[in-house]
Each structure stands twice: as structure tokens, then as C-alpha cells.
There are 2 protein chains.
Amino acid sequence: MLQSTKRAGTRSAILDVAERLVQRRGFNGFSYADVAAELGITRAALHYHFPGKFELGEALIERYAARFTDALAAIDAAGGPASSKLRAYADLYLEVLRDERMCLCGMLAAEHETLSEPMRQIIVGFLDDNDAWLVGVLESGRSDGSLTFTGPPEDLAPMVVGTLEGAMLVARPYGGTARFESVAARLIADLTSGVA
Amino acid sequence: MLQSTKRAGTRSAILDVAERLVQRRGFNGFSYADVAAELGITRAALHYHFPGKFELGEALIERYAARFTDALAAIDAAGGPASSKLRAYADLYLEVLRDERMCLCGMLAAEHETLSEPMRQIIVGFLDDNDAWLVGVLESGRSDGSLTFTGPPEDLAPMVVGTLEGAMLVARPYGGTARFESVAARLIADLTSGVA
DNA sequence: GTCTATAACGAGATAGAC
DNA sequence: GTCTATCTCGTTATAGAC
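Described below are features of the structure shown in this document.

What counts, and where the lines are drawn
- What you see as residue numbers is a count from 1 along each chain, following the sequence as written.
- Chains and ligands are labelled sequentially in the order written, the chains with letters from A and the ligands with numbers from 1.
- The predicted nature of this model means local features are confined to residues of pLDDT at least 70 and side-chain atom pairs, given and counted, to a pLDDT of 80 or more, with totals for whole chains, interfaces and linings taken over all residues.
- Computation of side-chain values: all heavy atoms of the structure, hydrogens and water removed.
- Contact criterion: two residues are considered in contact whenever any of their non-hydrogen atoms come within 4.5 Å of each other.
- Each of two parts loses accessible area, computed with a 1.4 Å probe, when they are put together; buried area is these two losses added.
- Any carboxyl oxygen of Asp or Glu within 4 Å of a side-chain nitrogen of Lys or Arg constitutes a salt bridge here.
- Here, proximity means that at least one heavy atom of the residue falls within 4 Å of the molecule or strand.
- For this analysis, a polar contact is any N or O atom pair within 3.5 Å, provided that within protein one partner can donate a hydrogen and the other can accept it, and provided that sequence-adjacent residues contribute only side-chain to side-chain pairs.
- Helix numbering and strand numbering both begin at the N terminus, where a helix is a DSSP run of H or I of at least 4 residues and a strand a DSSP run of E of at least 2.
- When residue character is reported, Ala, Val, Leu, Ile, Met, Phe, Trp, Tyr, Cys and Pro are called nonpolar, Asp, Glu, Lys and Arg charged, and the others, Gly included, polar.
- Residue burial is assigned from relative accessible area. The probe radius is 1.4 Å, only protein chains are included, and a residue is buried under 20% of its type maximum, exposed over 50%, and partly exposed in between.
- Between the N-to-C directions of two axes lies an angle of 0 to 180 degrees, each axis being a line fitted to C-alpha atoms and, for a helix, fitted only over the stretch in contact.
- Each angle gets one of four labels, with under 35 degrees taken as roughly parallel, over 145 as roughly antiparallel, 65 to 115 as roughly perpendicular, and the rest as oblique.
- C-alpha atoms of residues with pLDDT of at least 70 in both copies form the basis for the least-squares superposition of the copies.
- For the purposes of this section, nonpolar cores are sets of buried Ala, Val, Leu, Ile, Met, Phe, Trp, Tyr and Cys residues that join through side-chain atoms within 4.5 Å.
- Handedness of a helix crossing follows the sense of rotation of the near helix relative to the far helix, less than a right angle counterclockwise being left-handed and clockwise being right-handed.

## Notes on the interface of chain A and chain B
Here comes step 1: Each side of the interface is counted separately: chain A has 43 residues, and chain B has 43 residues.
Here comes step 2: In total, chain A and chain B occlude about 3,800 Å² of area from one another, counting both sides; carbon and sulfur atoms represent 61% of this.
Here comes step 3: Area buried by chain A at its contact with chain B is led by M159, L169 and R186 of chain A, which between them contribute 18% of it.
Here comes step 4: The interface formed by chain A and chain B includes 2 salt bridges.
Here comes step 5: In this structure, D131 of chain B and R179 of chain A form a salt bridge, with 2.7 Å as the shortest nitrogen-oxygen distance.

## Side note on the protein's contact with DNA strand D
Here comes step 1: DNA strand D sits among 18 residues. The nearest are Y32 of chain A together with T10, T42, Y48 and H49 of chain B.
Here comes step 2: Taking all atoms of DNA strand D within 4 Å of the protein, the share assigned to sugar and phosphate is 56%.
Here comes step 3: With respect to DNA strand D, the side chain of S31 of chain A contributes an N or O atom lying 3.5 Å from a phosphate oxygen.
Here comes step 4: Take Y32 of chain A: an N or O atom from its main chain is 2.9 Å from a phosphate oxygen of DNA strand D.
Here comes step 5: Those elements that provide at least two residues to the surface near DNA strand D are α3 (43-49) of chain A together with α3 (43-49) of chain B.
Here comes step 6: Per-class residue counts for the surface near DNA strand D are 8 nonpolar, 7 polar and 3 charged.

## A few points about unusual backbone geometry
Here comes step 1: In this structure, E100 of chain A is a non-glycine residue whose phi angle is positive, near 60 degrees.
Here comes step 2: With respect to the helices and strands, E100 of chain A occurs in the loop between α5 (82-98) and α6 (104-110).

## Focus on the pattern of salt bridges
All names here are of chain A.
Here comes step 1: With the rule as written, the count across this model stands at 18 salt bridges over all chains.
Here comes step 2: Here D99 makes a salt bridge to R24, at a shortest N to O gap of 3.5 Å. Pair noted here: D99 is in the loop between α5 and α6 and R24 is in helix α1 (residues 10-25), with a separation of 75 residues, a long-range link.
Here comes step 3: Judged by relative accessible area, D99 falls into the partly exposed class, the value being 33%.

## A few points about the environment of P173 of chain B
Here comes step 1: Structurally, the position occupied by P173 of chain B is in the loop between α8 (153-171) and α9 (178-192).
Here comes step 2: When near neighbours in sequence (up to four residues on either side) are disregarded, P173 of chain B contacts A109, H112, V124 and L127 of chain A.

## Here's the deal with the packing of helix α4 (residues 53-78) of chain B against helix α7 (residues 117-144) of chain B
Residue and element names in this part refer to chain B.
Here comes step 1: Their axes nearest at 9 Å, the elements α4 and α7 cross at an angle of 10 degrees. The angle between the axes of α4 and α7 places the two elements in the roughly parallel class. Touching F54, G57, E58, I61, E62, Y64, A65, F68, L72, I75 and D76 of α4 are P118, M119, I122, I123, F126, N130 and W133, all from α7.
Here comes step 2: Residues that form the contact of α4 with α7 fall into these classes: 13 nonpolar, 2 polar and 3 charged.

## Structural notes on the relation of the copies chain A and chain B
Here comes step 1: The transform that puts chain A on chain B rotates by 180 degrees and translates by 0.0 Å along the axis, for an RMSD of 0.0 Å. One copy is carried onto the other by what is essentially a two-fold rotation axis. Relative to the rotation axis, the closest C-alpha in chain A is found at G166 of chain A, a distance of 1.7 Å.
Here comes step 2: A share of 100% of interface residues in chain A that are also interface residues in chain B marks the association as one of identical surfaces.

## Considering the nonpolar core
Here comes step 1: Ranked by internal contacts, the top residues of the largest apolar core, which has 138 residues, are Y89 and F180 of chain A together with Y89 and F180 of chain B.
Here comes step 2: When residues no more than four places from it in sequence are discounted, the contact partners of Y89 of chain B are F68, L72, I75, N130, W133, L134, V160, V161 and L164 of chain B.

## A word on the protein's contact with DNA strand C
Here comes step 1: Neighbouring residues of DNA strand C: 19 residues in total, closest T10, T42, Y48 and H49 of chain A together with Y32 of chain B.
Here comes step 2: Among the atoms of DNA strand C lying within 4 Å of the protein, the sugar-phosphate backbone contributes 64%.
Here comes step 3: Take T10 of chain A: an N or O atom from its side chain is 2.7 Å from a phosphate oxygen of DNA strand C.
Here comes step 4: Between Y48 of chain A and DNA strand C, the recorded distance is 2.7 Å, taken from a side-chain N or O atom to a phosphate oxygen.
Here comes step 5: When contributions to the surface near DNA strand C are tallied by element, the ones reaching two or more residues are α3 of chain A together with α2 (32-39) and α3 of chain B.
Here comes step 6: Ranked by residue count, the leading element in the surface near DNA strand C is α3 of chain A, at 4 residues.
Here comes step 7: Split into classes, the residues belonging to the surface near DNA strand C amount to 9 nonpolar, 7 polar and 3 charged.

## Re the packing of α5 of chain A against helix α8 (residues 153-171) of chain A
All names here are of chain A.
Here comes step 1: One way to put it is that α5 packs onto α8 with a least axis distance of 11 Å and a crossing angle of 25 degrees. Classified by the interaxial angle, the pair formed by α5 and α8 is roughly parallel. Between α5 and α8 the crossing geometry is right-handed. Each of L86, Y89, A90, Y93, V96 and L97 in α5 lies in contact with α8, whose residues at this interface are V160, V161, L164, E165, M168 and A171.
Here comes step 2: Taken together, the residues of the contact of α5 with α8 sort by class into 11 nonpolar, no polar and 1 charged.

Here is the structure:
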């Protein structure tokens, strides 16, 4: 390490702040000024790292997707039955909600009509990755007997994503995590107890 | 009709345009200028009818909730088994999505942290009404035998709302209604075929 | 890499004429 | 009820000094 041992870097700090703001207020609900103020730097400095808001947005969702991919890999690495992987997946959502945030991807999905084409593509890719990972979990759950459901996993995976995203979306106006946890618990219970 | 047989009135026209813009772009994704331009009037005229954007937002969600209540009453009036009422309920969402819109309430739920307190309260009231109506449908479905599920209807109703909202949210980046319809069909099938 | 300064534009809002 | 005109502020973005 020859340079910048000081900290994780301004760029990373910007992404951290912007990410939280987008998840709480939406992409159209925050500004460069918000981020700059929180970091104690100027807006001009932000433009050095990210020329425009859309570029920032792209970096945001890219990093988020990469981190999510890592989290899914960690779940896979932990092993165990598919049912516990599914639970761990739902817990990823819960952790976000605990911090009073919406899933970044869900938030951007709501605003997707106002986003740049590159941002939209990354979002769809992220959703596709979620579906694909879940399909794998559902398949292995059917094999190891920990999950029971009818029809192809490809049909069920989008429902799992949609249910968790929607539960999160609706839970936030109520505050707390109760409403989300109730729905997530039922979703998992239905899949583990031979339902659906 | 002594006056203004010409049309439904400017106020109503403003609400129509603003509603569509919010549902497609979000509350923070449209401006008075957008609405004014589409109606061929000035921003000042908008301010005459709605002093501020939040007042417009309140009127928006209030009218939406009232219309939704009417739609639910119409479903009740049509009679039939609870299962078909549930299907009709899901179709309300589908109609919105067909017009490339997000549920107004779901969109505002995403942005709820940026809204006025009055708007937030109306949104929660709207969600509560949905839950309550669904609880009634679920109860009658258990009675008439058209719906089968475990646990109290009060626990299941939020899941139905969440699943439909989430399916809608995630479907929009993909365009079309296929992803939503697939999830809605499965949700209903699970409840009618003695699952969950 | 961060700053000051400023440009250029858009947004919400108000006053007052018609 | 709608207009023109104006105000104020916020937002994105750029130029150039340090």
C-alpha cells in the first residue's frame, strides 16, 4: 500500500452517504448538496469523483449489486439446507429495513422511469441475479427436501423477490419491522411446510 | 347543468394529470410545470387550485383512496365467492400496471420519508383500509369454502397487499404485465387450492 | 483532490392585472 | 379562474485557483 492509507477514500464515503440517502428518500429526493454537507466537503469535490448524478447512480447500484452478490455467495458458503438459505436471504432484507432503508433496487424500481438507461439496465440485471440465485436455492430445497412447492422454481423465484420487496415497501410507512417480519415468516413457513 | 358543461373542471383535470405523473415518475419526479404544460395552463393557475405541492399530494391520495374504496364496494356488490373477489382485487392492480403506472400508494410509500405528515397519514389509512377489506374477504372465503389458509386473516391480509405491491414494483422495470400476472396468479392459486 | 466562485437552469411560490 | 411578471431558492454543473 503505497498511497492513501488514511481511509477508505472519499469516493467510497460519497457512495456510502448517497446510498443511504437514496434508500431513504429516493434518487429524486436527495441532492449533491445533501451528500456534500454530510461529508463536510463541497459539491464541486463530488463532481470530481462523479461527473453527474446519473454516473453516481450507476456506481451506486453497481456497488450494491456486487455487495449483494457477495452476500449470496456467503450464504452459499455457509452451507446448510435450502430452507435456511432462504431465511438468510430474507434476513438480508430485514437488515436493510432495520436501518430504516428501502432496498436500493426496489426504490430505484419505483423511480425507474426517471433514471438513465444504464441505471435501468443494471437494475434489471440485479433483479435477474436475485431470481437466478433463488431458483438455485429452490431447486436444491426440492432436492434436499427442506422446501416444498408446486410448479417450476423459475415461476416461484419472482414471487419471493416481489413479496419481500413489497413487504418492505409497505412496512416503512408503519415504522419498525413488524409488518415485514410477519410477511417474511409466513412466506418461509409456506415454503417449508409443504405449501404453495 | 348551468355551468361548465364543457368538461369535468380544471381541478379534476389537474388531479388526473398529476396522478398519472406521480404514479409513473414519483412525487419527487414531477413538477407543477409538467402538469401545467400538459394542460396548457400556467403554473400560477395550478397554485390557485392547490396552494402548494403537498396540498396537491394530499388531494391526490385522498381521491385515489376514495376511488379505491368505491371499487372495493363494487366488488362486494357484485357478489360471488370470496375467491373471485380476491381475483377482482388483484385485477385492480393489474389495470394500473397496464397503464404503465405504479400503485399510487406504493409509489408514495417508497417516498414516504419526503412527504408531509398529512400525506403520510392518508397513506397509512389507505393501507389499513386495504388490509381491513381483505380480512373480510379472507374470512368470508374461509366460511364459503372458496379460500383455504392457515392462521388468522389479519396476518394474511398484509401479505396479500405486500405481494401485489411488490410484484407491481418489480414488474415495471421489465415492462409489460407478465411478471406481475404470474405472481398474482400463483398468490391466488395458493389461496384457493388449500395452500398456505 | 478540494476549494471558491459562478453560471445556468428549474422549482415552488406570490402579487396583481384582467 | 387564469394570466404575466417576478421572486427566491435549490440543483446540477463548470472554470480555474490552490
